[in-house]
Amino acid sequence: MGIGFITKEDGTILARQGDSGEIYIDGVDIDKNYKVYFGVYDSKRKPVGREVFVYSNFSSEVVISVPSAVTNMWEVPKDEEFVEYYYGIKICDEETSMEKTLVLANCEFDTENILIVYPRKVEGLLNG
């Protein structure tokens, strides 16, 4: 079976509107059970869809599953080949209210993490 998302070495994520996918993150501190969030926003910094999260369970590696209900909100106009959105990943400690945005791959602190979304090819479950 194919994969829902492709992550490039530079941290760019390729996705298709309406497809479920997974975001793999490593390097999370293992001292606490962090809540790890993934969120998407547009060029005007407006959130697109809802944020999704997973608990780290004291593991340095986490997988965030992004359901089709979220990726359906990543719209690609009919006259566009793809849309470029941006994403962020944040670890949070509910006990201390600490929040820290992660810098991914080869990105710098002031660099955006890019999410390229291609249009859906098939309606799938939306059709039924």
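Residues numbered from 1 in each chain as written. Predicted model: local features only at pLDDT ≥ 70, side-chain atom pairs only at ≥ 80, totals over all residues. Heavy atoms only, no water.

Colleague: How do you make sense of the overall build of the protein chain when you look at a structure like this?
Modeller: Counting its secondary structure elements, the protein chain contains one helix and nine strands. Ordering the α and β elements of the protein chain from the N terminus gives β-β-β-β-β-β-α-β-β-β. In summary, the protein chain has a C-alpha radius of gyration of 15 Å against a globular reference of 14 Å for 128 residues, a match within 12%. Dimensions of the protein chain, computed from C-alpha atoms along their principal axes, come out at roughly 45 × 35 × 25 Å. Looking at the protein chain as a whole, 35% of its 128 residues qualify as buried. Residue pairs at least 24 apart in sequence account for 66% of intrachain contacts in the protein chain once pairs closer than 6 positions are excluded. When the accessible surface of the protein chain is totalled, it reaches about 8,500 Å², and 49% of it is carbon and sulfur. (Helix = DSSP H or I, 4+ residues; strand = E, 2+ residues; numbered from the N terminus. Rg over C-alpha atoms; globule rule 2.2 N^0.38 Å. Buried < 20%, exposed > 50% of the residue type's maximum accessible area, 1.4 Å probe, protein only. Contact = heavy atoms within 4.5 Å. Areas by Shrake-Rupley, 256 points an atom, 1.4 Å probe, with all protein chains shown as cover.)

Colleague: Explain the pairing of strand β7 (residues 83-93) to me, please; I cannot follow it from the model alone.
Modeller: Looking along a regular strand, one sees side chains alternate from face to face of the sheet. Judged by how many residues are buried, β7 sits mostly within the fold: eight of 11 residues are covered. Pairing analysis gives seven bridges linking strand β4 (residues 35-41) to β7, with the strands arranged antiparallel. Opposite Phe38, over in β7, you have Ile89 as the bridge partner. With five bridges joining them, β7 and strand β9 (residues 113-118) adopt antiparallel strand pairing. (Pairing = 2+ DSSP bridges.)

Colleague: Would you take a moment to explain the layout of surface pockets for this structure?
Modeller: One water molecule sets the probe size; rolling that probe over the atoms shows where empty space is left. Here the second largest pocket defines a volume of roughly 450 Å³. Taken together, 23 residues form the lining of the second largest pocket, with Tyr41, Tyr87, Gly88, Ile89 and Thr101 sitting closest to its centre. Elements represented by at least two residues in the lining of the second largest pocket include exactly β4 and β7. Sort the elements by how many residues they give to the lining of the second largest pocket and β4 lands first, with five residues. Residue composition of the lining of the second largest pocket, by class: 11 nonpolar, six polar and six charged. (1 Å grid on protein atoms, 1.4 Å probe; cavity = no way out; pocket = protein on both sides within 12 Å on 5 of 7 lines; lining within 4 Å. Points joined across faces, edges and corners; volume = space filled by probe spheres on them. Nonpolar A, V, L, I, M, F, W, Y, C, P; charged D, E, K, R; others polar.)

Colleague: Sorry if this is basic, but what is going on with the environment of Ile116 here?
Modeller: Tracing the backbone shows Ile116 in strand β9. For the pair Ile116 and Ser68, spaced 48 residues apart in the sequence, the C-alpha separation amounts to 16 Å. When sequence neighbours within four positions are dropped, the list of residues in contact with Ile116 reads Thr12, Ile13, Leu14, Ala15, Phe82 and Val83.

Colleague: Please clarify how empty space enclosed by the protein should be interpreted in this entry.
Modeller: Counted under the stated rule, the structure contains one cavity of 30 Å³ or more. Forming the boundary of the largest cavity are Phe38, Gly39, Val40, Val48, Arg50, Val52, Val66, Val70 and Trp74. Per-element tally for the lining of the largest cavity: the top contributor is β4, with three residues. Broken down by class, the residue content of the lining of the largest cavity amounts to seven nonpolar, one polar and one charged.

Colleague: In this structure, what is going on with the nonpolar core? I would like to understand it.
Modeller: Looking at soluble globular proteins, one finds that nonpolar side chains tend to be buried together. Grouped together as the largest cluster of nonpolar side chains are 27 residues, with contacts concentrated most on Ile23, Ile25, Phe38, Val66, Trp74, Ile89 and Leu115. Listed by contribution, the elements that provide at least two residues to this core are β2 (13-16), β3 (21-26), β4, β6 (61-66), β7 and β9. In contact with Trp74, not counting residues within four places along its chain, are Phe5, Ala15, Gln17, Phe38, Val40, Val48, Val66, Tyr85, Leu115 and Val117. (Core = buried A, V, L, I, M, F, W, Y, C linked by side-chain atoms within 4.5 Å.)

Honestly, it's all geometry; don't read function into it.
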